[in-house]
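An overview of the molecular structure
For reference, the chains in residue letters:
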Amino acid sequence: MYDVAVIGAGAAGMMAAAVAGQRGLKVVLLDHAERLAEKIRISGGGRCNFTNKGTTAANFISQNPHFCRSALAGYTANDFIQLVNQYGIGWHEKHRGQLFCNDSSESIIAMLRSECDKGRVAWRMPCAVHEVGQQASCFVLRTDAGTIRAHNLVVATGGLAIPKLGATDFALKLARQFGLKVVEPRPALVPLLFDAQQWQPFSTLSGVALEARVSTSSPVLGKPTAKPLLTQFDEDLLFTHKGLSGPAILQISSYWNPGQPIVLDLAPDANIERTLQETRQGNRQLLSSVLASIWPKRLAEQWLKNTPDLPKQIGDMRLADAPNAVLSSLARHIHEWSLVPSGTAGYRKAEVMRGGVDTRYLDQRSMEAKPVAGLYFVGEAVDVTGWLGGYNFQWAWSSAVACARAI
Ligand code: FDA
């Protein structure tokens, strides 16, 4: 009989098992995968963006935006940085508080493994869990490694993103089995796609990147009658064969709802109309050349040719000859290019899942299921989804520690 069984040896599962074990509890950690912590391994381009120095509750999406506060305050980005420093793992800040390993994300996996060893955690891996039941005061797991009994069960099997790395809906199914509701899961931090015909003129721009401001309006989660919320990000945008990607799009994808437009400002730091008017007199440059001075040339040419509602030959118009109405319309389109994505690239390409175990059913200090004593959900399986930039790992660490300290 174990004190704690943890299912899922990813970021949250290893952290929960290690902390519980180091508190003196008898812990078993199970995972069905052949290789340990694949998502940590590939994260951050192999260098694991393991936290964000500026983490606050505002960097997370959830039907209850306050749910994550207590766990994030109990185990902060600084706490994780201290652990990383104890192991002598070199790191650097890349962009807006994002911290990456200098060498390889393997060092984070090795660190968590060693923390589990310090807690004398027993491993069952690879090991599938076929059934979870309850008997008297314990959970009974029917697994490839036989029957395992534990007083407490921590579910840390993550979300649905990247099924080929072993992602499953185990946590969502188990939550439902025990009477907890699930907020509809969706791919998040994911490229957006467009109707093939609509996108065809822009598909040749695949590989073009530029800084942009992207925004979308979405209903306030949990308050369908409230005024829609405008969310915007200033980040890099990347054109792809089938649509748009890059940090700006990954960020906004987490807020985007099917059928809604996204609005792109392709020159967020400029006032295009004023610039065009101020430089207009006697200026014989083609409008495509004028735009090529602020954008990649390919983008300037293709975008002018193919943006609906702009005059067909606008690229060949000279700035001095362009009527005021054309310049206004051009500036408006550059600052407010509105597009309706046809969908996302799905879980195959998503970095995370949005939605998950409904936080109304969980205690925010311990992650324990309110209706089922001893059952805990941590990490991405919970309806708390971080922005791009190390926030999802910080949630995994913080929720895991909150749970492990409470058991
Ligand atoms: P995680 O997915 O880490 O672990 C779940 C574990 O459960 C896995 O080991 C899996 O095998 C196991 N499991 C699943 N189903 C099971 C079952 N039925 N039975 C037994 N075991 C089961 N975040 C960030 O903050 N910084 C970053 O740099 C990145 N980069 C990044 C890149 C890519 C390509 C992806 C896909 C994702 C990221 N992320 C990220 C997101 C981050 O990886 C993710 O949010 C955390 O790993 C979530 O931690 P969990 O422990 O909740 O799940």
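Everything numeric here is computed off the predicted structure, so don't read it as measured data.

**Quick look at the overall build of the protein chain**
Each helix and strand counted, the protein chain has 13 helices and 21 strands in total. Judged by the C-alpha coordinates and their principal axes, the protein chain covers about 85 × 45 × 35 Å. Burial status across the protein chain gives 54% buried among its 407 residues. Looking at the protein chain alone, contacts between residues at least 24 apart form 73% of all its contacts between residues at least 6 apart. Surface accessibility of the protein chain: about 17,900 Å² in total, with carbon and sulfur atoms responsible for 50%.

**Remarks on the site of the ligand**
The local shell around the ligand holds 31 residues, among which A12, D31, T168, E380 and F393 are the closest. At a separation of 2.6 Å, a nitrogen atom of the ligand approaches a polar side-chain atom of T168. Contact between the ligand and E380: an oxygen atom at 2.8 Å from a side-chain N or O atom of the residue. Calculation on the ligand without its partners gives an accessible area of 1,000 Å², and the protein chains cover 92% of this total.

**Some thoughts on helix α12 (residues 324-335)**
With twelve residues, α12 should reach 16 Å at 1.5 Å per residue; the first-to-last C-alpha distance of 17 Å fits that figure. Along α12, the residues that are buried comprise V326, L327, S329, L330, A331, H333, I334 and H335. Packed against the buried residues of α12 are β16 (262-265), α9 (272-278), α10 (287-292), α11 (297-306) and β17 (337-339).

**Considerations on the packing of aromatic side chains**
Summed over the entire model, instances satisfying the criterion amount to 16 aromatic pairs. Aromatic side chains F60 and Y391 sit 6.2 Å apart centroid to centroid with 85° between the ring planes, which places their arrangement in the edge-to-face category. Of the two residues, F60 is situated in strand β4 (residues 60-61) and Y391 in helix α13 (residues 391-406); the sequence distance between them amounts to 331 residues. Through successive ring pairs, a cluster of aromatic residues spans F194, W199, F202, F239, W295, W303 and W337. One cation-aromatic arrangement involves K26 over Y2; the distance from NZ or CZ to the ring centre is 4.9 Å.

Criteria and cut-off values
Residues numbered from 1 in each chain as written. Predicted model: local features only at pLDDT ≥ 70, side-chain atom pairs only at ≥ 80, totals over all residues. Heavy atoms only, no water. Helix = DSSP H or I, 4+ residues; strand = E, 2+ residues; numbered from the N terminus. Buried < 20%, exposed > 50% of the residue type's maximum accessible area, 1.4 Å probe, protein only. Contact = heavy atoms within 4.5 Å. Areas by Shrake-Rupley, 256 points an atom, 1.4 Å probe, with all protein chains shown as cover. Near = heavy atom within 4 Å. Polar contact = N/O pair within 3.5 Å; in protein donor to acceptor, adjacent residues only side chain to side chain. Expected span 1.5 Å × (residues − 1). Phe/Tyr/Trp six-rings, centres within 6.5 Å; stacked < 30°, edge-to-face > 60°. Lys NZ or Arg CZ within 6 Å of the ring centre and 35° of its normal.

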